[in-house]
Every structure is written in structure tokens, then in C-alpha cells.
Amino acid sequence: MNTLDELESEYNFSDEELEYALSRAKGIIFGFAMEYRARRILEEMKFTNIRSVDMPTHDIEADKEGQTFYIEVKATKRSPTKEYSAYKIAMIATLDGPHLTLLMKPEPILLVTEKILSEPKRILLRFFKLIYEGKTEDILTFIEDTHNREIISSYGKVIKNVTSRMKGVDDLDFIKLVT
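Worth saying up front: this structure is predicted, and the values here are computed from it rather than measured. (Residues numbered from 1 in each chain as written. Predicted model: local features only at pLDDT ≥ 70, side-chain atom pairs only at ≥ 80, totals over all residues. Heavy atoms only, no water.)

Talk me through the overall build of the protein; I want residue IDs and the actual numbers.
In terms of helices and strands, the protein carries 10 helices and five strands. Computed over its C-alpha atoms, the radius of gyration of the protein comes to 21 Å, more than 25% above the 16 Å expected for a compact globule of 179 residues. Oriented by its inertia axes, the alpha-carbon framework of the protein measures out at about 65 × 35 × 30 Å. Nonlocal contacts in the protein, meaning residues at least 24 apart in sequence, comprise 52% of its contacts between residues at least 6 apart. Of the roughly 11,300 Å² that the protein leaves accessible, carbon and sulfur atoms contribute 52%. Taking the average location of the 26 positive side-chain charges in the protein and that of its 31 negative ones, the two points are 6 Å from each other. (Helix = DSSP H or I, 4+ residues; strand = E, 2+ residues; numbered from the N terminus. Rg over C-alpha atoms; globule rule 2.2 N^0.38 Å. Contact = heavy atoms within 4.5 Å. Areas by Shrake-Rupley, 256 points an atom, 1.4 Å probe, with all protein chains shown as cover. Lys, Arg positive; Asp, Glu negative; His and termini not counted. Charge placed at Lys NZ, Arg CZ, Asp CG, Glu CD.)

Next up, the structure:
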């Protein structure tokens, strides 16, 4: 018996009530169906230990060749990373493995997120990764580049906010240079 038949018989819902519920839940149903499809695609790509997560940075975690990957599933025809905020970029930088984007349309394709980010977001991601890795000398070299510094400075409010919650980072001189 399928789920709709079960709901109809057990709770005596009318077709109109079920249609209303399905219409309201369309986005949720779509999301779970796409997640299920993504899991199958990742299995075909030889990923193992595939698990759904409810994280702001990714939908699925999966292992391959001894490494954990963090995978965001996107079913959009427009730029898959367009709505990634600077805060999300900062969170992605904290992950201890590669962040991937699984584009579901028109055909499934798995991409390294960093490679498909816009240049400013890619620079911001690199900056936050260097901060989280504690590579102060590399950060100073990175922001010596005028272009990098200009882009990083445009995210000053976000950087200040994120680093203020990190022990010992918000008072470092290079943070003051870019905020």
C-alpha cells in the first residue's frame, strides 16, 4: 500500500485534503526525493558510508578512499553557489575535508565547490581556511596582494563577526588590516 492510500484509508482524508497537503509539502518532498537520488548517485560513484546530515554547509557526508567529503546537493539551473553567503563560506572553511557540490540538473555532476565559487568567494574561502589552519605568515603573504586585500576588506564586517568568536584571532594585526 502506498503512503497516500494509507493516509486516505487510515485518516479518511479526502482527495482534496491530500492534494492540499501535497501542494504545501511539495518543496519538502522534492528535497527528500532529490537527497535520495543523490545518495544513489554517490553509491554509483563508489562513495561509502553515505549519511544525510542537516548542516548549513552540506546535505550529505560520504567517504571515499579513506577521506570524508562534505556534499551539498543542488537541483538548480542557475549558479549553484550564488546564494552562498560569506557566513556560509566561513563555515565551509572549517570543514576538515573537501566540500563538493553535486549538481543534479541537467545531468548529475560532482564538482569541487571551491572551483565553482566566484572569485571573491574563492578568495574569502582561502582566507578563512588560512585563519582556521593558524597560518599567520601565509595570511600576511595572502593579503599583501592588493587584489586579495581589497576583496577581503569588502567582507570586513563578516570577518570581524566570525573572528570575534575565535579565541585569540580577533585581536591579531592582520584582522585589523582587513576590517
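Explain the pattern of salt bridges to me, using residue names and the numbers behind them.
Tallied over the entire structure, the rule returns seven salt bridges. The partner of Arg51 in a salt bridge is Asp63, with the nearest N and O atoms 3.7 Å apart. Of this pair, Arg51 sits in strand 1 (residues 48–52) while Asp63 sits in strand 2 (residues 60–64), placing them 12 residues apart in sequence. Taking the relative accessible area as the measure of exposure, Arg51 reaches 25% and is therefore partly exposed. For the salt bridge of Glu72 with Lys88, the shortest nitrogen-to-oxygen distance reads 3.2 Å. (Salt bridge = Lys/Arg side-chain N within 4 Å of Asp/Glu carboxyl O. Buried < 20%, exposed > 50% of the residue type's maximum accessible area, 1.4 Å probe, protein only.)

Residue-level account of the pairing of strand 5 (residues 109–112), with values.
Bridging between strand 4 (residues 99–103) and strand 5 involves four bridges; their strand directions are antiparallel. When the sheet's bridge partners are listed, Leu100 is paired in strand 5 with Val112. (Pairing = 2+ DSSP bridges.)

I'd love a proper account of the environment of Gly31, names of residues and values included.
Position of Gly31 relative to the elements: it lies in helix 3 (residues 26–44). Here the alpha-carbon distance between Gly31 and Lys74, two residues 43 residues apart in the chain, equals 9.5 Å.

So what's going on with the side chain of Thr57? Which residues, and what values?
Within the element layout of this structure, Thr57 appears in the loop between strand 1 and strand 2. Note on Thr57: relative accessible area 4%, which makes it buried. Within polar-contact distance, the side chain of Thr57 engages the side chain of His58 at 2.6 Å. Once residues lying within four places of it in the same chain are set aside, the contact partners of Thr57 are Glu72, Lys88, Met91, Ile92, Leu95 and His99. (Polar contact = N/O pair within 3.5 Å; in protein donor to acceptor, adjacent residues only side chain to side chain.)

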